[in-house]
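# A closer look at the structure
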Amino acid sequence: MTKAVSTLQTVNTPAVLVDLDITRRNIDRFQAYADVHGMKVRPHIKTHKLPAIAEMQLRAGAIGVTCQKVSEAEAMVAGSPQIRDVLITYNILGAEKLDHLAGLARKVTLSVVADNETVIDGLSSKFASQPTRLNVLVECNTGADRCGVPTPEAAAALAQRISAAPGLVFGGLMTYPPTDGAAAVESFMTRAKTLIEAVGIAVPVITSGGTPSMMSAAEAPVATEYRPGTYVYNDRSLVSRGVCGWDDCALTVLATVVSVPSANRAIIDAGSKSLTSDLLGLSGYGHVLGRDDIAIDQLSEEHGRLVSQGLINLKVGDRLRIVPNHACVVTNLVDAINILEKGEISAVWPVAARGKIV
Ligand SMILES: Cc1ncc(COP(=O)(O)O)c(C=O)c1O
């Protein structure tokens, strides 16, 4: 952690800023909801990729973290002695990844997911000779139609296969549901749990996730834990869905106006390399705080085009804060995050799990 003191006027741009007070508030808000409903929280670190923010989540009450990739988990574990319980929500295949997974399992309490026999057999062939057995959860498709077994019967069949596999322990059920998918989670998981318990296998964990529906997570009481990711920072996509307001957006991209070629158009020094090309179904590439009249209608790599229906009213050198469409991908684009406290940049944190895609 490099100590730096700069201001919004002096920091080099484009710069990714994270407001720590808003971050803390976002973390505490969902933790309080989960505590009231007796649900454990296992935040997905894909949004921040920062061990220090994971530590804030753990201090608030999270039981561990979720990572998507093995290398991401390695970076987080190396970055904090407090990260000692990790779930990797991904089908892991291939000798090199399995070697790394075995290394991680020697350091932390580790769980992974699987939605097919090939993955289970690969995990078993590696962990049969390891000192500790690996927790494997069955990933279930409750309507998001990404990975996951399609039926509770298929989940039960894989649970039995995991249970019988050398080196593995059946860890429970996992899903990444669609928005407003609580009812589907409840019915799928209840049925799968009944089928699995009927053959004498315990289902210790049922884990669901996703920020858009997190405040209705309790409508699927069968779930024992929840994995929100984007909630930590929020973004324009979540504001547009009515999940939060601009004041809840902790991550912004600070950009400088470099050209004002006409009365209704300006160009900033943040393009697709910092705001990303992700639209997430929206029109435009971000929201300029305090300027509802401005659209960021076009990006090239290093240029962002701002247009206004009326006068753009900006001058070269002005600085703007932009809430990006999708916070998680923005943090994968920069080496470091500028930490904002009380309006000043108090520190610069290297993004430990940036670029960890394997
Ligand atoms: C498996 C899994 N769990 C949890 C999350 C967190 O979702 P969100 O960022 O909507 O909170 C994601 C996001 O992609 C995910 O893929």
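The sections below set out a description of the structure shown in this document. The written sequence of each chain sets the order in which its residues are numbered from 1. Where local features are concerned, this predicted model is filtered to residues with pLDDT of at least 70; where side-chain atom pairs are given and counted, the filter is 80 or more; whole-chain, interface and lining totals use all residues. No hydrogens and no water enter the side-chain calculation; it runs on all heavy atoms of the structure.

## Let's talk about the packing of helix α3 (residues 70-79) against helix α4 (residues 95-105)
For clarity, the cut-off: Here an angle of 0 to 180 degrees is reported between the N-to-C directions of two axes, which are lines fitted to C-alpha atoms, with helices fitted over the stretch in contact. In this text, helices come from DSSP runs of H or I with a minimum length of four residues, and strands from runs of E with a minimum of two, each type numbered from the N-terminal end. Orientation categories follow fixed angle ranges, with anything under 35 degrees roughly parallel, anything over 145 roughly antiparallel, 65 to 115 roughly perpendicular, and all other angles oblique. Crossings are classed by handedness, with left-handed meaning an anticlockwise turn of the near helix from the far one by less than a right angle and right-handed meaning a clockwise turn. Contacts are assigned to residue pairs that have any heavy atoms within 4.5 Å of one another. Asp, Glu, Lys and Arg are counted as charged, while Ala, Val, Leu, Ile, Met, Phe, Trp, Tyr, Cys and Pro are counted as nonpolar; the rest, among them Gly, fall into the polar class.
Where α3 meets α4, the closest approach of the two axes is 10 Å, and the angle between their N-to-C directions is 30°. Relative to α4, the element α3 is oriented roughly parallel. In this structure, α3 crosses over α4, and the sense of that crossing is left-handed. Side by side, α3 and α4 meet where V70, A73, E74 and V77 of the first sit next to K97, H100, L101 and L104 of the second. For the contact of α3 with α4, the per-class residue count stands at 5 nonpolar, 1 polar and 2 charged.

## So, unusual backbone geometry
In plain terms, the rule: Throughout this description, buried means an accessible area under 20% of the type-specific maximum (1.4 Å probe, protein chains only), exposed means over 50%, and partly exposed covers the range between.
Residues T13 and P14 are joined by a peptide bond in cis, for which omega reads -5°. Relative to the helices and strands, P14 is located in the loop between β1 (2-7) and β2 (15-19). Positive phi, close to 50°, is recorded for L280, a residue that is not glycine. Note that L280 resides in the loop between α9 (272-275) and β13 (286-288). What makes L280 partly exposed here is its relative accessible area of 44%.

## So, the nonpolar core
Filter applied, for reference: We call a set of buried residues a nonpolar core when its members are Ala, Val, Leu, Ile, Met, Phe, Trp, Tyr or Cys and they connect through side-chain atoms within 4.5 Å of each other. For every domain, the bounds stem from an assignment made automatically or drawn from a database.
Within the largest apolar cluster, 102 residues are counted, with the highest numbers of intra-cluster contacts made by V86, I88, L101, L173 and L306. For this core, the domains that each give at least three residues are domain 1 (20-233) and domain 2 (237-325). Residues L8, V11, L17 and L340 belong to the second largest nonpolar core, which totals 7 residues.

## Observations regarding the sheet that holds strand β9 (residues 205-209)
Defined as follows: Each pair of strands is called paired provided DSSP finds at least two bridges between the two strands.
Spatial ordering of the open sheet is given by β3-β10-β9-β8-β7-β6-β5-β4, a layout of 8 strands whose pairing is parallel. In the strand order of this sheet, the two ends are held by β3 (40-41) and β4 (65-67), each with one partner.

## Let's talk about the pattern of salt bridges
To keep things clear, this is the line we draw: Take a side-chain nitrogen of Lys or Arg and a carboxyl oxygen of Asp or Glu: if they are within 4 Å of each other, that pair is a salt bridge.
In this structure the tally under the stated criterion is 16 salt bridges. The residue D85 makes a salt bridge to R42 at a minimum N-O spacing of 3.0 Å. Separated by 43 residues along the polypeptide, D85 in strand β5 (residues 85-88) and R42 in the loop between β3 and α2 (51-60) bring together distant segments of the chain. On the accessibility criterion, D85 (21% relative accessible area) is partly exposed. Salt-bridge contacts for R161 lead to E117; the nearest nitrogen and oxygen are separated by 3.6 Å. Placement of R161 in helix α6 (residues 152-164) and of E117 in helix α5 (residues 117-127) is noted, with a sequence separation of 44 residues between them. Residues joined by salt bridges that share partners form a network here, namely D21, R24 and K342.

## Observations regarding α5
Convention followed: The definition of a polar contact used here is a pair of N or O atoms within 3.5 Å, where within protein one atom must be able to donate a hydrogen and the other to accept one, and adjacent residues in sequence count solely through side-chain atom pairs.
Those residues of α5 that fall on the buried side of the exposure criterion are V119, I120, G122, L123, S124 and F127. Structurally, α5 contributes buried residues whose contacts are with α4, β6 (109-114), β7 (134-140), α6 and β8 (168-175). Structurally, the start of α5 carries an N-cap: the backbone nitrogen of T118 is 3.1 Å from a side-chain oxygen of N116.

## Describing the pairing of strand β11 (residues 251-262)
Pairing geometry for β2 and β11, over 4 bridges, is antiparallel. In the strand pairing of β11, V18 is matched with L251. Pairing analysis gives 4 bridges linking β11 to strand β16 (residues 319-324), with the strands arranged antiparallel. Directly across from L254, in β16, lies its bridge partner R321. Examined bridge by bridge, β11 and strand β12 (residues 265-268) share 3 bridges and lie antiparallel to one another. The residue bridging S259 from the neighbouring strand is I267, located in β12. Where β11 folds back onto β12 in an antiparallel hairpin, the turn is made up of 2 residues.

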